[in-house]
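# What the coordinates show
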Amino acid sequence: LDGGASLGNVVLVDDEMDVRRALEVLLRPRCKVLAVAANGPDAMNLVSSMERIDLLISDVVLPGGLSGLDLADAVGERHPNAQV
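Residues numbered from 1 in each chain as written. Predicted model: local features only at pLDDT ≥ 70, side-chain atom pairs only at ≥ 80, totals over all residues. Heavy atoms only, no water.

## Description of the nonpolar core
Judged by nonpolar contacts, the single largest core of 16 residues is most densely connected at V11, V13, I53, L56, L71 and V75. Mapped onto this core, the elements with two or more residues apiece are β1 (8-13), β2 (31-37), α2 (40-49) and α3 (68-78). At four residues, the largest contribution of residues to this core is made by α3. If you look at the next biggest cluster of nonpolar residues, it comprises six residues, including L12, L27, C31 and L55. (Core = buried A, V, L, I, M, F, W, Y, C linked by side-chain atoms within 4.5 Å. Buried < 20%, exposed > 50% of the residue type's maximum accessible area, 1.4 Å probe, protein only. Helix = DSSP H or I, 4+ residues; strand = E, 2+ residues; numbered from the N terminus.)

Here's what the structure looks like:
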């Protein structure tokens, strides 16, 4: 996270509150938009509703029946230029 370049529109997904909060503190100043979710279904709603996603940062194992890999596939389909 060095340099001053924006990360753009970022989706952050992690079910552990402490991890989420720490990453939010690090990422928020560098993001145009930072959307945060704690489980797979909430994250999928974000992915489906956001007009643009530049970066997905996700835990692989998530509660709610959807994994980080499922989210990565969805982001790749809807936002093909996004980094995962």
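## Description of the side chain of N9
Secondary-structure assignment places N9 in strand β1. On the basis of relative accessible area, N9 is assigned to the buried category, the value being 10%. One polar contact links the side chain of N9 to the main-chain carbonyl oxygen of R52, over a distance of 3.2 Å. Discounting residues that sit within four places of it in the chain, N9 has contacts with K32, V33, M50, R52, I53, D54 and L55. (Polar contact = N/O pair within 3.5 Å; in protein donor to acceptor, adjacent residues only side chain to side chain. Contact = heavy atoms within 4.5 Å.)

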